[in-house]
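Close look at the chain arrangement
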Amino acid sequence: MASFKITSKLRELESQVGTLSPMQKILLGTDGSVTTLLENALGCEVTVNTLFQEVVPADERVASSLGIRTGEQINHRIITLNDRETGKALLYAVSDTPLSRLDPSFRDDLMQADIPIGRIMQKHHLEARRELKEVRACRADPAISGILGIFRHEPLLSRKYHIITGGKPLIAIRETFPYSNFTDESRVIVETPSRIHMGLIDMNGSAGRVDGGIGLAIEDPAIVIEAKRGSELRVWSDEQNTKNAERVKRTAEIILARLGVSEGADIMLHHSYSGHIGLGSGTQLDLATARALYGLFRPGTITVREIAALTGRGGTSGIGTAAFEAGGFIIDGGHSFGPLGDKSEFRPSSASSGIKPAPVLFRHPFPEDWQILLAIPDIPEGASGKTESDIFRTHCPVPIGDVRALCHTVLMQMLPAIIEKDLDLFGCAVNTIQEYGFKQVEHRLQPPLIQDLIAALRTTEAAGVGLSSFGPTVYAIGDNGMQDAGRCAEDVMAKTGGGRVILTRAQNRGAEIRAAP
């Protein structure tokens, strides 16, 4: 690959993930030994840790890449390059080598010792060149993120190249490392859960309090935001996250002004999900942005609840803030209500700025072996803005009898079910709370597809099925058989334009923050 093509590709990468450091550019474009390069640049001894190695038949893709027959034996090897002193994994690499092109002694060294390939080549005086095939960004999965010590969904930088000898590829190698590695710039990375909002408890207000939320933090979808110092405020995202990037920028402007920071920040929105689908992306984006900037400029000087008040979150439901803070299954106590209370009108969080987040009354780990299915139809977003405010104004107060029935279900079914890990009882409670109070209002405002989706999921092995917030996301909770429930949801949504199914689980910890390098 010609150098000008590499330069062009690196510029393209920077438009996707943010500025690359000189060291990152060198690692992606080098035609020499990466092991030697790392040792020289970092001043450490680099060792090889073999994670997997096996002789396997080449599939069609690998065979085509290497110019061999499909089914020919190759050595498939997965390794990390580590800093010997700290043990930190610096780089993850996968290689495929046709055995027919190896001398026996070279093959023995490759398969029996944790030796970098470049050093094996030096030992055997092998004349070769590296031919770069691809440079790209990709996302970490749970396995790779655990090996590299980063968050899920963080971006990775990756390159693929061939080692050529005698005019033929001897080895095909893909090397991958975190975007947050090999840079001298201080960065703060935040990963948040999302949340299911199961319902508002008291939208009657006659007891002198209002709101009160029931909810659950879940692993996916997640948000990953990274911030570093900059000369001005800039936000990177892919095309699918344009709206969220605009929100991040607005929140960042507020926080930087609050911090009195004269310089700017480069913020990378690495992973997010759509707003107004019932999973609380607005709260998570605001809190993650603020947390990243405080971590960058004033670490340890503000709490999550203070951030929520600063960004105008938690004015009706405190579930999103509590999910960010500690995760798990959450019940909040709402707000005082009346002429002298925190609130004097029924309003959503978006119209309740300046009101402190609701107190958390109950927080408990949610069973992680219970599976949670999200069905997100491709239909117009749930209520927001003026429409959402009008719904609160029109449909509240709800009957006090509904509030009492809901409280009874929560206290005597839902909470004992969580503590005793009784899935059937919890599912029964989820089904029941769909019938009362403001949740019943939210159901009445849904298109027919949502009721069809809920009815269909209740014929599966799911223990409980409900609507998250104003929808359109429908959630189902179960243990075995949730793959069948997912197929059922896909079939229903396919009739009206399709949708997305996510199988996830609870997250019993809040958002996580990591400083790099």
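Here's what I pulled together on the structure shown here. (Residues numbered from 1 in each chain as written. Predicted model: local features only at pLDDT ≥ 70, side-chain atom pairs only at ≥ 80, totals over all residues. Heavy atoms only, no water.)

Moving on: the pairing of strand E6 (residues 168–178). Within E6, nine of the eleven residues are buried, which leaves the element mostly enclosed by the surrounding structure. Pairing geometry for strand E3 (residues 89–98) and E6, over five bridges, is antiparallel. From the neighbouring strand, alanine 93 faces E6, where its bridge partner is glutamate 175. The sheet contact formed by strand E5 (residues 155–165) and E6 spans ten bridges and is antiparallel. Along E6, the bridge assignment pairs isoleucine 164 with proline 169. What sits between E5 and E6 in their antiparallel hairpin is a turn of two residues, with glycine 166 showing a positive phi close to 60°. (Buried < 20%, exposed > 50% of the residue type's maximum accessible area, 1.4 Å probe, protein only. Helix = DSSP H or I, 4+ residues; strand = E, 2+ residues; numbered from the N terminus. Pairing = 2+ DSSP bridges.)

This paragraph deals with the side chain of histidine 443. Tracing the backbone shows histidine 443 in helix H15 (residues 437–444). Taking the relative accessible area as the measure of exposure, histidine 443 reaches 11% and is therefore buried. Residues within four places of histidine 443 in sequence aside, it is in contact with Gln434, Gln451, Ile454 and Leu467. (Contact = heavy atoms within 4.5 Å.)

Read across the open sheet, the six strands follow the order E1-E2-E3-E6-E5-E4; overall the sheet is antiparallel. Across the chains shown, the open sheet's two edge strands, defined by having one partner strand only, are strand E1 (46–57) and strand E4 (129–139). If you compare each strand with its neighbour and ignore which way they point, the axes differ by 15° on average. Alignment of strand E2 (residues 73–83) against E3, held across nine bridges, turns out to be antiparallel. Pairing of asparagine 82 across the sheet is with alanine 89, part of E3. In this fold helix H2 (residues 22–29) packs onto E4, E5 and E6, with an angle of close to 35° to the strand it touches most, E5. (Axes fitted to C-alpha atoms, helices over the stretch in contact; angles between N-to-C directions.)

On to the environment of proline 348. Relative to the elements of secondary structure, proline 348 occurs in the loop between strand E12 (335–336) and strand E13 (360–364). Residue classification places proline 348 among the buried positions, given a relative accessible area of 1%. Taking the C-alpha atoms as reference points, proline 348 and valine 465, separated by 117 residues in sequence, lie 24 Å from one another. Ignoring sequence-local partners within four residues, the contact set of proline 348 consists of Thr316, Glu388, Ser389 and Phe392.

Within the largest apolar cluster, 62 residues are counted, with the highest numbers of intra-cluster contacts made by Met198, Phe329, Phe366 and Phe426. The biggest single contributor to this core is helix H9 (residues 281–297), with nine residues. Beyond its immediate sequence surroundings of up to four residues, phenylalanine 366 is in contact with Leu216, Phe329, Ile372, Ile418, Phe426, Ile477, Ala506 and Asn508. (Core = buried A, V, L, I, M, F, W, Y, C linked by side-chain atoms within 4.5 Å.)

A few words now on the environment of valine 501. In this structure, valine 501 sits in strand E17 (residues 499–504). The spatial distance from the C-alpha of valine 501 to the C-alpha of isoleucine 477 is 13 Å, given a sequence separation of 24 residues. The contacts of valine 501, once residues within four sequence positions are left out, are Leu373, Leu374, Gly486, Ala489, Glu490 and Met493.

The next subject is the packing of H9 against helix H10 (residues 304–311). H10 packs onto H9 with a crossing angle of 115° between their chain directions and a minimal axis gap of 10 Å. Helix-helix and strand crossings are classified by hand; for H9 and H10 the assignment is right-handed. Between H9 and H10, the contacting residues are Asp286, Leu287, Ala290, Arg291 and Tyr294 on the first element and Val304, Ile307, Ala308, Leu310 and Thr311 on the second. Residue classes in the contact of H9 with H10 are distributed as seven nonpolar, one polar and two charged. (Left-handed = near helix turned anticlockwise from the far one by under 90°. Nonpolar A, V, L, I, M, F, W, Y, C, P; charged D, E, K, R; others polar.)

Let us now look at the state of the cysteines. What is meant by a disulfide is a covalent connection between two cysteines, made through their sulfur atoms. Scanning the entire structure with this criterion turns up zero disulfides. Cysteine cysteine 396 is unpaired, with the sulfur of cysteine 407 as its nearest cysteine sulfur at 15 Å. Residue classification places cysteine 407 among the partly exposed residues on the basis of a relative accessible area of 34%. (Disulfide = S-S within 2.5 Å.)

Turning to unusual backbone geometry, a few remarks are in order. In this chain, aspartate 220 is followed by proline 221 through a cis amide linkage whose omega measures 0°. Along the polypeptide, proline 221 turns up in strand E8 (residues 209–230). The phi torsion at phenylalanine 182 lies on the positive side, around 65°, for a residue other than glycine. Position of phenylalanine 182 relative to the elements: it lies in the loop between E6 and strand E7 (187–202).

Honestly, it's all geometry; don't read function into it.
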